[in-house]
Each structure stands twice: as structure tokens, then as C-alpha cells.
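# Coordinate analysis (summary)
Residue-level listing of the chains:
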Amino acid sequence: MRRITFALAALGAATALTFGGAGGSYAAVGGEFIYTNPTTGLETIDNPRLGHCYTVTGDGRAQNNTSKTALLFERPGCVGSHAEVIRPHTGAFDVQFASLEFID
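Residues numbered from 1 in each chain as written. Predicted model: local features only at pLDDT ≥ 70, side-chain atom pairs only at ≥ 80, totals over all residues. Heavy atoms only, no water.

Looking now at the overall build of the protein. A count of helices and strands for the protein gives one helix and eight strands. Along its sequence from the N terminus, the protein presents helices and strands in the succession α-β-β-β-β-β-β-β-β. Looking at the protein as a whole, 29% of its 104 residues are labelled buried. Taking all contacts inside the protein whose residues are at least 6 apart in sequence as the whole, residues at least 24 apart take part in 56%. Of the accessible surface of the protein, which amounts to about 6,500 Å², a share of 56% is contributed by carbon and sulfur atoms. (Helix = DSSP H or I, 4+ residues; strand = E, 2+ residues; numbered from the N terminus. Buried < 20%, exposed > 50% of the residue type's maximum accessible area, 1.4 Å probe, protein only. Contact = heavy atoms within 4.5 Å. Areas by Shrake-Rupley, 256 points an atom, 1.4 Å probe, with all protein chains shown as cover.)

On to the pairing of strand β1 (residues 32-37), then. Only one face of β1 is buried: it carries F33, Y35 and N37, and the other face, with E32, I34 and T36, is open. From the end of β1 to the start of strand β2 (residues 41-46), which pair antiparallel, there are three residues. Direction of pairing for β1 relative to strand β4 (residues 58-65): antiparallel, over a ladder of four bridges. Note that in β4 the partner of E32 across the bridge is N65. (Pairing = 2+ DSSP bridges.)

This brings us to the confidence of the model for the protein. Here the protein averages 83 in pLDDT, while 76% of its residues score no lower than 70. Per-residue pLDDT stays below 50 along residues 1-24; that stretch engages in two contacts with residues further than four places along the chain or on separate chains. (pLDDT = per-residue confidence, 0-100.)

The subject of this paragraph is the nonpolar core. Counting 15 residues, the largest nonpolar core has F33, F97 and L100 as the members making the most contacts within it. Top contributing element to this core by residue count: strand β7 (residues 90-97), with three residues. In contact with F33, not counting residues within four places along its chain, are E43, T44, I45, A62, Q63, N64, A70, L72, I86, F97, L100 and F102. (Core = buried A, V, L, I, M, F, W, Y, C linked by side-chain atoms within 4.5 Å.)

The final tally for this structure, using the stated rule, is one salt bridge. Note that K68 and D104 form a salt bridge whose closest N and O atoms lie 2.7 Å from each other. Here the residue K68 occupies a position in the loop between β4 and β5 (69-73), and D104 occupies one in the segment after β8 (99-103), the gap between them amounting to 36 residues. With a relative accessible area of 67%, D104 lands in the exposed category. (Salt bridge = Lys/Arg side-chain N within 4 Å of Asp/Glu carboxyl O.)

All right, on to the sheet that holds β8 then. The antiparallel open sheet is built from four strands, whose spatial order is β3-β8-β5-β6. Pairing within the sheet leaves two strands with one partner each, and these edge strands are β3 (53-54) and β6 (82-86). Direction of pairing for β5 relative to β8: antiparallel, over a ladder of five bridges. Across the sheet, L71 pairs through a bridge with E101, a residue of β8.

Printed below as a string of C-alpha cells:
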């Protein structure tokens, strides 16, 4: 019984170390990212998270009103090379993207 208790405690600690910080690893960037969705028009991502992939469709204008750089990807899931870079407090015209991520 003692071995089972120890094994369960070790498993719980390993799980906490692996997954416990995952929610906190996405620090809030602050500000907002405004983009044109081809179906719904203007959309806003308020207070985006650093390092989180947003699978959204943008076609047209994008404005990065955050303190971090936005990488725009042609494919969903932020895979492959980024197609556009929008620096903090700047915008871009005529961009097309299927996902985006904020980096330091």
C-alpha cells in the first residue's frame, strides 16, 4: 500500500509540473488586435495571450494595438512560416491569414 501511495504522489507531482503551468504560460499581451473577417466584417481580439495561436480568418486590413509583435500565418494552427509581421501599434493593408500568434 505504501508503494501505491508513493507512486500516486509521484504521478500527481509529475502531472502538476507538466500541465500545472500551462494556463499561466500564456501571459496577456494587453490591448487589442483588429482585423477584417471576410464573412463578418471587423473583428477584435481583446487582450490577446502571448504565444497562443488564434485560428481566425483575416482578409483585408489588420491593426495591432498591442505591445507585442503579431505573426500572421497563411494556414490554420500557426503552422509553417509566417506570411506577415505586424509590429506593435502598427497596421497592414491587404493581408490574408488563417491564424495569428503574438510573440515577444
